[in-house]
Amino acid sequence: MKRDEAKERIDVLRREIEMHNHNYYVLNNPVISDFEFDILLNELDTLEKMYPEFITDDSPTRRVGSDLTDEFRQYEHKYPMLSLGNTYSKEELKDFNERVEKVAGGPVEYVCELKFDGASISITYRNKSFFRALTRGDGTTGDDVTRNIKTIRSIPLKITGDNIPGEFIIRGEILMPRPVFNRLNEERLSAGLPPFANPRNAASGTLKLLDPKIVASRNLDCMFYFLLSDEIPYRTHFENLSTAGKWGFRVSEGISICRNIDEVMNFIDKWEDGRKKLDFDIDGVVIKVNSIDLQEKLGYTAKSPRWATAYKYRAEQVSTRLISVSFQVGRTGNITPVANLEPVLLAGTTVKRASLHNADQISLLDLHKNDVVYVEKGGEIIPKIIGVERSQRLEKSDKIIFITNCPECGTPLQRNEGEANHYCPNYLHCPPQLTGRIVHFISRKAMNIEGLGEETVDLLFNKGLIRNYADLYELNVDQLIPLERLGEKSALNIINSIRSSAGVPYPRVLYALGIRHVGETMAKTVAKTFGSVDELMQADSDTLTSVREIGPKIAASIISFFRDEDNIRIIQRLKSYGLKLNREEDSAPATAGGKLTGKTILISGVFKEHTREEYKEIIEKNGGKNATSLSSNTSFLLAGENMGPSKREKAESLGIPLISESDFLKLIHED
Ligand code: IVH
């Protein structure tokens, strides 16, 4: 690779890795597996080694991914919280051993431990009492999550025992046991909330909640693996950790002294299978030099210790046979191909289906019917097909061809230039699009009609009782009672819930209409500029795009929605049922002339009187605008408790005034 090509690739990789770090550490929503991430990081590392002139201090190869948020007070770590080098190869592990033995001048004793897959935490104890808990943050500074961590029952608030230093720091991994995770996801699904993809995301998402009561209800656990102190009791890692176990900290039973690299390899092999019996996830094994003197001699790189490394297990893969590919049609007409597989056990669950994303993915895999395929569970809920075993392909098996017509209504599919997905353009009559729009309309963030779920909507649709969401308002109890599984009481509840949804505020009704590209936030923006649906209907492309947040794609989608006569008829009917289709009818005071008209406000920190969501609504009701980040356009910062110091500094440097919760409430309520 030429020098300038390498520079370009380095830039691309850095941007991509930063994005994945943000997805993983801040949003708790990784979109690629750890293995895929490590490949990117490795490529960057190799290029930086070939072209050291391009190395910068802020390269992801030199920094740990940051989980810092604005919601918590931040403190510096007394000892930096570093990452670990890692490998998927036993050969590289042998190289690690050779490097260590060279410095030691002879054989080295290691401690092998499980590599827990959760969120790391660093807890300071002073005078035998819990003092403060910090997340890893950016490795130098962490978020103060003390109130949340104190709710975890297996973490001692006071400790007893021998040789306890006056101040020490203990580090560990916050975990959500798999049974707890499964239960939590069931609850979330039945409450209409999106499930967490895996226990790690659930654990780190829970750590960053602002309400410790909810944290307490989530039954987190913690495994400790590292003791630090200026007065460390012993000169071996094993003795220190075992002693911490005696003081009351939970230390995993999967910890062993290994006298040489062969014993390390045996430990790795033992847990490759053994991990399946644990009730929490591990993603590998950590190998640490036992002697602290030797640790000190080996020292650290910018990002990780030279005395420890991780051997990571590949995400579990299994092979199975592809039976067929189904094509599902979503609410907006998007087509998603799904592989139907011969059932196979993978990471504790039976897998029958795997996602195939889109047409490009199918041709990339060169998928044929009856192929033996490899399935892997990455960060996502649905496993994915990562490869095909060509050697086992049956002769004359048919290539999987992406469909050309909608499987539900037969309409020829379309694909917009530059987009990966095919979609069915039969907006008006394609059944899953019709029911999908009704399901969206009744969902919690839209009209929030309780008692009606996807199944009941399908039932009503199939019986010909509803064709669109306006039909819901013409339903009566007698029509519902004869439906399967619906008693009189449930029927009555549904009807009441439908009727009372007429009180839902205008922006949410706009969102419920299901206009393509008009999500929850966009609906609020649109509602602020266009005081009624009638006004919105009249708006042409120029008027729409003159609103900063509305681009040509959204404008085109709004225009095409209102060009449709069926939609106009439905909206007229919704009006006649009393739904709020303009701002004036809303119970909120008119925003024009509100106390905060023309003001852009950023909320930060934790509040006593209202939640952050409530403050956002209060701001909007008073004519103000919620900012998403600090900029010179921000009028002021509504500062709660525990606001991060970096935010305060930035506000000061931009000359943006801070206003306290009580002053803000006075401002809103004064005459
Ligand atoms: S020791 C300086 N031991 O893995 C050494 N880390 O990829 C610090 N982890 O940030 C780490 N299990 O969150 C250590 N037994 C274990 C671990 C472990 C999980 C996590 C930890 C660390 C990350 C590095």
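Nothing here was measured: the structure is a model prediction, and the numbers come from that model.

(A) Representation of the pattern of salt bridges. Evaluated as defined, the whole model comprises 34 salt bridges. In this structure, Lys 399 and Asp 366 form a salt bridge, with 2.9 Å as the shortest nitrogen-oxygen distance. Separated by 33 residues along the polypeptide, Lys 399 in the loop between β16 (384-388) and α12 (431-442) and Asp 366 in the loop between α11 (359-365) and β15 (372-376) bring together distant segments of the chain. On the accessibility criterion, Asp 366 (18% relative accessible area) is buried. A cluster of three or more residues bridged by salt bridges with shared partners is formed by Asp 366, Asp 371, Arg 390, Arg 393 and Lys 399.

(B) The arrangement of the environment of Ile 123 in detail. Turning to its location among the elements, Ile 123 is positioned in strand β4 (residues 119-126). In this structure the C-alpha to C-alpha distance between Ile 123 and Phe 249, which are 126 residues apart in sequence, comes to 11 Å. Setting aside residues up to four positions removed in sequence, Ile 123 forms contacts with Phe 130, Arg 132, Ala 133, Ile 149, Ile 155, Phe 168, Ile 169, Ile 170 and Phe 224.

(C) Quick look at the packing of aromatic side chains. This structure, assessed with the given rule, holds 22 aromatic pairs. Ring geometry for Phe 35 and Tyr 88: centres 4.9 Å apart, planes at 80°, overall edge-to-face. Taken together, the residues span a long stretch of sequence, with Phe 35 in helix α2 (residues 34-50) and Tyr 88 in the loop between β2 (85-87) and α3 (90-104) at a distance of 53 residues. We classify Phe 35 as partly exposed; its relative accessible area is 22%. Centroid distance Tyr 125 to Phe 130: 5.6 Å. Interplanar angle 55°. Geometry classified as tilted. Take Tyr 125 and Phe 130: they sit in the same class, and that class is buried. Each member of the aromatic cluster is reached from another via a ring pair, and the members are Tyr 125, Phe 130, Phe 168, Phe 224, Trp 247 and Phe 249. Its end group placed over the ring of Tyr 427, Arg 437 keeps NZ or CZ at 3.8 Å from the ring centre. If you follow Arg 516 out to its NZ or CZ, it ends over the ring of Tyr 423, 5.1 Å from the centre.

(D) Spotlight on the sheet that holds strand β5 (residues 129-135). Pairing is antiparallel in the open sheet, where four strands are placed in the order β5-β4-β7-β8. Bordering the open sheet on either side are β5 and β8 (221-228), each of which pairs with just one other strand. In this sheet, adjacent strand axes meet at a mean angle of 30° when their direction is disregarded. Pairing between strand β7 (residues 167-175) and β8: seven bridges, direction antiparallel.

(E) Examining the side chain of Gln 74 more closely. The residue Gln 74 is located in strand β1 (residues 74-76) in this model. Residue classification places Gln 74 among the buried residues on the basis of a relative accessible area of 12%. At 3.1 Å, the side chain of Gln 74 forms a polar contact with the side chain of Asp 143. When sequence neighbours within four positions are dropped, the list of residues in contact with Gln 74 reads Leu 68, Thr 69, Thr 141, Gly 142, Asp 143, Pro 645 and Ser 646.

Reading the values: rules and limits
- Each chain carries its own residue numbering, running from 1 in the direction its sequence is written.
- In keeping with the predicted nature of the model, local features appear solely for residues at pLDDT of at least 70, side-chain atom pairs appear and are counted solely at 80 or more, and the whole-chain, interface and lining totals rest on all residues.
- Hydrogens and waters are ignored; side-chain quantities use all the structure's heavy atoms.
- Each reported salt bridge corresponds to a side-chain nitrogen of Lys or Arg within 4 Å of a carboxyl oxygen of Asp or Glu.
- Runs of E in the DSSP output that reach at least two residues are strands. Runs of H or I that reach at least four are helices, and both are numbered from the N terminus.
- Think of it in three bands: residues with accessible area under 20% of the maximum for their type are buried, residues over 50% are exposed, and the middle band is partly exposed, with areas taken using a 1.4 Å probe on protein chains only.
- Residues count as neighbours in contact if any of their non-hydrogen atoms are within 4.5 Å of one another.
- Pairing of aromatic side chains requires ring centres within 6.5 Å, counting the rings of Phe and Tyr and the six-membered ring of Trp. Pairs whose planes differ by under 30 degrees are stacked, by over 60 edge-to-face, and all others tilted.
- Charge over a ring is defined by NZ of Lys or CZ of Arg lying within 6 Å of the ring centre and within 35 degrees of the ring normal.
- Pairing between strands is defined by DSSP: at least two bridges between the two strands are required.
- In this description, a line fitted to the C-alpha atoms serves as the axis of each element, helices being fitted only across the stretch in contact, and the angle between N-to-C directions of two axes falls anywhere from 0 to 180 degrees.
- Think of a polar contact as two N or O atoms within 3.5 Å of one another; within protein, one of them needs to be a possible hydrogen donor and the other a possible acceptor, and neighboring residues in sequence only count if both atoms come from side chains.

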